[in-house]
Amino acid sequence: MKIRFARLGLAAVLLTGLAPSLRAGHGLRFVSPADDSDRGWEQQSLPIGCGHFGANVFGNVTNERVQVTHNALHNVDPQNPKKANLTDALEIRLRTDHRAVTNYVRGLDFASAVAWVEYAADGVRYRREFFANYPSRVLVMRLTASEKGRLSFVLEPVAPFLRKGRRTAERTVQDGVVGVYQELSDFAIRFDAELKVLTDGRVSSDGLVVSEATEATVIVAFASNYRLSPKVFAEPDFRRKLEPIDPRPEARQILAAAAAKGFVSLREEHVRDYAALFGRVEIDLGGNAADAKVPTDELLARYRRGERSRHLEETYVQYGRYLLIASSRPGTLPANLQGVWNCHEY
């Protein structure tokens, strides 16, 4: 067994976009989408995160689901007031009309912290990339087509688990930016998500329909009235722990700054920041490089049958490191047992 602590040169990251573990093929790989269910979320979706928030990517072709959890959003079970937990913050759907799909594959690269989906439809190769950029505090979704003008989709952000008097939402459109503002009576939380599409195609006036494009980038910024302070812990009334701050100006400022950078700079910034942590350690248990091309669920099934895979064991170690980095970074809350992912109401 070899575990090596390495210093990854910044030039190597920027020139190749690769860290040592990516060359070794460590990551997750599947040849079918995750089930659009709680089980699919828990066992099959691809988690990304940057400490401030996390997201789970399902990889569905016609109805992609990106479920977002934010560390500021907690909810209280009215049937059990002592039960409070992170709650599903936002559901983002990307809808297409791609039905006859071939060569489907999706995965998660541990070294770059980028989730991806690839498939072919009607002779066109489509690719999606998803990452949570910590320095810029944004979720980035990139969609491309191999042929000019063949990319079209509908963007639909939805606030989940709305309840009159307890959780409300308002969707707005202003200057091509879609906003989803929410208020949760428990803890008096105010939360805002702002979405913007950058594309070479056409965008509808409401910012939700993209057509005749070759590439498109959806940038999502978040903000809330949560502030880590002594009052959060000392105030006994949980509805008075937070100040009634409007988070929308902050979210729009974060979005505008990220949009000005563009996709290429955002991706380079993300990989540079993340690889500086993840690229410090390599692990070599003698894994077979060919296993990197085998779907992860198939490797797991073989392992349960007694077919040991050193590559899978290496992947397991690196997955733990990946999840911890995605769960907590400086300036965010510390990691807990479930990280920064939760699709449930409580």
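Our subject is the structure that appears above.
## Thoughts on the pattern of salt bridges
Argument step 1. Enumeration according to the criterion identifies 27 salt bridges in this entry.
Argument step 2. When the shortest N-O distance is used, the salt bridge between Arg 202 and Glu 212 registers 3.5 Å. In this pair, Arg 202 is assigned in strand β15 (residues 202-203) and Glu 212 in strand β16 (residues 209-213), connecting sequence segments 10 residues apart.
Argument step 3. Relative accessible area serves as the criterion here: at 54%, Arg 202 is assigned to the exposed category.
Argument step 4. Using a relative accessible area of 49% as the deciding quantity, one classes Glu 212 as partly exposed.
Argument step 5. Between Asp 273 and Arg 329 there is a salt bridge, with the nearest N and O atoms lying 3.0 Å from each other.

## Concerning empty space enclosed by the protein
Argument step 1. One pass over the full model with this rule turns up four cavities of 30 Å³ or more.
Argument step 2. Every residue along the wall of the largest cavity is listed here: Gly 49, Cys 50, Ala 132, Tyr 134, His 270, Asp 273, Tyr 274, Ile 325, Ala 326 and Arg 329.
Argument step 3. Going through the elements one at a time, α5 (248-278) and α7 (310-327) are the ones with two or more residues in the lining of the largest cavity.
Argument step 4. Counting residues per element, the lining of the largest cavity draws most heavily on α5, at three residues.

## Some remarks on the sheet that holds strand β14 (residues 189-199)
For sheets, the rule is that strands pair by backbone hydrogen bonds, running either parallel or antiparallel.
Argument step 1. Taken in spatial order, the nine strands make up an open sheet running β2-β7-β8-β9-β10-β17-β14-β13-β12, and their pairing is antiparallel. Here the strands that pair on one side only, and so sit at the sheet edges, are β2 (27-30) and β12 (167-174). Looking at each pair of strands side by side, their axes are set apart by 15° on average, direction ignored.
Argument step 2. For β2 and strand β7 (residues 101-109), the ladder comprises four bridges, and the chain directions are antiparallel. Counted as the bridge partner of Gly 27 is Asp 109 from β7.
Argument step 3. On top of the sheet, α5 reaches β8 (114-121), β9 (124-133), β10 (138-145), β12, β13 (177-184), β14 and β17 (215-224); it is set at about 140° to β17, its chief contact.

Conventions used here
- Residues numbered from 1 in each chain as written.
- Predicted model: local features only at pLDDT ≥ 70, side-chain atom pairs only at ≥ 80, totals over all residues.
- Heavy atoms only, no water.
- Salt bridge = Lys/Arg side-chain N within 4 Å of Asp/Glu carboxyl O.
- Helix = DSSP H or I, 4+ residues; strand = E, 2+ residues; numbered from the N terminus.
- Buried < 20%, exposed > 50% of the residue type's maximum accessible area, 1.4 Å probe, protein only.
- 1 Å grid on protein atoms, 1.4 Å probe; cavity = no way out; pocket = protein on both sides within 12 Å on 5 of 7 lines; lining within 4 Å.
- Points joined across faces, edges and corners; volume = space filled by probe spheres on them.
- Pairing = 2+ DSSP bridges.
- Axes fitted to C-alpha atoms, helices over the stretch in contact; angles between N-to-C directions.
- Contact = heavy atoms within 4.5 Å.

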